[in-house]
Amino acid sequence: MSDGANGVEAAGSLLAALAGVSFSYGRRSVLEKIDLDVHEGEIVTLIGPNGAGKSTLLKLILGLLEPDIGSAYRRRGLKVGYVPQRLQVDPILPLAARRFLCLPERQSEDRLNACLGEVGASDLLDRPLQDLSGGEMQRLLLARALLRDPDLLILDEPLQGVDIGGQLGLFQLIERVRTTRGCGVILVSHDLHVVLAGTDRVVCLNKHVCCSGKPESVSRNPAYLSLFGPESAEGLALYQHHHDHRHDLAGTPLPESSADVDKDGEGRPVG
Amino acid sequence: MEIFSENFLLRAVVAGLGVAAVTGPLGCFMVWRRLAYFGDSLAHSALLGVALGILLGIDLTLGILVTVLTLATLLVLLQDRSRLASDTLLGMMSHGSLAIGLVVLSFFQSVRIDLMGYLFGDILAVSPPDIAWILGGGLVALLLLARIWQALLLITVHEGLAQAEGISVKRIRLTYVLLVALVVALGMKVVGILLMTALLIVPAAAARQIARSPESMALLAALIGGIAVTAGLGGSLTWDTPAGPSVVVAALLLFVVCLAIGQWQSVERR
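In this report, the structure presented in the accompanying data block is examined. Here the structure is a predicted model, which is why all the values come from computation and not from measurement.

Each helix and strand in chain B was counted, giving 12 helices and 0 strands. Reading chain B from its N terminus to its C terminus gives the helix and strand order α-α-α-α-α-α-α-α-α-α-α-α. In terms of overall size, chain B behaves like a compact globule, its C-alpha atoms giving a radius of gyration of 19 Å where 270 residues would be expected to give roughly 18 Å. When the backbone C-alpha atoms are referred to their principal axes, chain B occupies close to 65 × 50 × 30 Å. The proportion of buried residues among the 270 residues of chain B is 47%. The long-range fraction of contacts in chain B, counting pairs at least 24 apart against all pairs at least 6 apart in sequence, stands at 74%.

As structure tokens, this is what we get:
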């Protein structure tokens, strides 16, 4: 994908970074010597098994936790849009989408419509949250994050509870938001087989950064293979075809010649 | 003021309406946040407050207030640390403090306390200063609740989201819990704990059946509580039934009515 290559490196000022960060809850060490950075217009996908410390890493980036060792950097005045893993509202709380979007601050009708339109969810405005499907809820949460005009979008396992058809749409949507807004994106997934096609960098986490790099190279990296097994090599390529060719506006694949070839394809083994 | 000192029924109605106006909105968050047993636990811990008050030789209301506020703070702290669900914690707090209170009281054999008075109160015996406490304290509580309303609502929907957006979750949660403790402690002496806790839960549950937004639910809960107070006291006068329990019964009847309206509305919509 060419906009990934020229867009990122040209504009990409640093949004947030962790340098040599270690963190533990009491005696239980959760993260060790993590280096991670995210730039404008860049999509970083964080994968790792359950308990790999992904949520803790997000909290460190958000500044909700302070590292024990190392340092966390956030650009001055950085605005973060956070999309939590799952949101389930008890039926005892009568809450429509509109009211939810206006928490904690009221938003103008124009802005509400603009942000909901951006995620293709204009029809959700007056629906109670309890009635929304997994995919609709994720779109609503994304719209809510966009209302804050974020420089950095953080999505925690956005595909949970979204059916397969909806997953692809959601991925394309996230990519479109990145392209139109030029914000940085950190996307967390415990589903190792699903990596967003437009991902610039995959970071494979298991307490430490096992390996990181372009999606194709990570899937060939020995550290990745030993952590997730050889069968995941094919799995990672699930949405990969979107990376190898492009569609015209009607959805027809463009000829192969326009496809982008990965040039720096040797993923950096770290840990 | 003269009519106040003359007419005990009018005083009871005013006190009841004052309580209902506060417990409606406060109670909504109680059912949203699954803290329905919170009022109950506070009631039981109040006995410990009475015992401590006697032990330390301080004013009993002050003893109750301090105990209740301390336990509310403890609840918030333990919620974060103990890996126990809120209802488990509340159960332990409630029976634990009741037991400690009874044990401590047994050391003072000469002291006799009107426990029934604390548990059931006597809304018909409300004095003008009591009313001043309820209306003044209630107004302060409502203003504070209005201040934290948006943040507390977001925390109730998703704590992690609120935290990520820079809301100091712990402070807001503590504020709310202390607010409830304060209102319960002030109200229980006047209207009794039974009426107090019932007015926190029942009107909110009734309002949910017909409300479409958090704010309308809060207002409806206050309104339903007010109707329950008026109807209950009216019924008490007519049929010579105990006042506090009559208000609770009226609130329950209103709940049934709201339930029926809600069901009918959802059938209509289909």
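Now, onward.
This part covers the pairing of strand β7 (residues 184-189) of chain A. Residues and elements named next belong to chain A. With respect to burial, β7 is a largely interior element, 6 of its 6 residues being buried. Across the two faces of β7 the burial is the same, with G184, I186 and V188 and V185, L187 and S189 all buried. The pairing of strand β3 (residues 43-47) with β7 spans 5 bridges and is classified as parallel. In the strand pairing of β7, V44 is matched with I186. In this structure, strand β6 (residues 152-156) lies alongside β7, joined through 5 bridges in parallel fashion.

This brings us to the environment of L69 of chain B. Residues and elements named next belong to chain B. Looking at the element boundaries, L69 is found in helix α4 (residues 60-81). The class for L69 is partly exposed, based on 17 C-beta atoms found within 10 Å. Separated by 109 residues in sequence, L69 and L178 have C-alpha atoms that sit 6.0 Å apart. Setting aside residues up to four positions removed in sequence, L69 forms contacts with L178 and A181.

Residues and elements named next belong to chain B. Mapping L135 onto the fold places it in helix α7 (residues 128-157). Among the residues examined, L135 registers 17 C-beta atoms within 10 Å and is labelled partly exposed. Taking the C-alpha atoms as reference points, L135 and F108, separated by 27 residues in sequence, lie 35 Å from one another.

Moving on, we get to the nonpolar core. Grouped together as the largest cluster of nonpolar side chains are 153 residues, with contacts concentrated most on I154 of chain A together with M30, V68 and V180 of chain B. When residues of this core are assigned to their parent elements, the largest contribution, 13 residues, is made by helix α9 (residues 169-191) of chain B. Split by domain, this core shows at least three residues from each of two domains, domain 1 (2-79 + 150-269) and domain 2 (95-149) of chain A. Not counting chain neighbours up to four residues away, the residues in contact with M30 of chain B comprise L35, A36, F38, V180, L200, I201 and A204 of chain B.

Below, the discussion takes up the packing of helix α3 (residues 38-56) of chain B against helix α5 (residues 86-106) of chain B. Residue and element names in this part refer to chain B. Relative orientation of the contacting elements α3 and α5 amounts to 25°, with a least axis distance of 8 Å. Accordingly, the angle class assigned to the pair α3 and α5 is roughly parallel. For the crossing formed where α3 meets α5, the hand is left-handed. Across the interface between the two elements, F38, D40, S41, H44, S45, L47, L48, V50, A51 and L55 of α3 pack against L90, M93, S94, H95, S97, L98, I100, G101, V104 and L105 of α5. Looking at the contact of α3 with α5, its residues break down into 12 nonpolar, 7 polar and 1 charged.

Calculation criteria
Residues numbered from 1 in each chain as written. Chains lettered and ligands numbered in written order. Predicted model: local features only at pLDDT ≥ 70, side-chain atom pairs only at ≥ 80, totals over all residues. Helix = DSSP H or I, 4+ residues; strand = E, 2+ residues; numbered from the N terminus. Rg over C-alpha atoms; globule rule 2.2 N^0.38 Å. Buried ≥ 20, exposed ≤ 12 C-beta atoms within 10 Å, placed from the backbone. Contact = placed C-beta atoms within 7 Å. Pairing = 2+ DSSP bridges. Core = buried A, V, L, I, M, F, W, Y, C linked by C-beta atoms within 7 Å. Domains from an automatic or database assignment. Axes fitted to C-alpha atoms, helices over the stretch in contact; angles between N-to-C directions. Parallel < 35°, antiparallel > 145°, perpendicular 65-115°, else oblique. Left-handed = near helix turned anticlockwise from the far one by under 90°. Nonpolar A, V, L, I, M, F, W, Y, C, P; charged D, E, K, R; others polar.

Keep in mind these values describe shape, not function.
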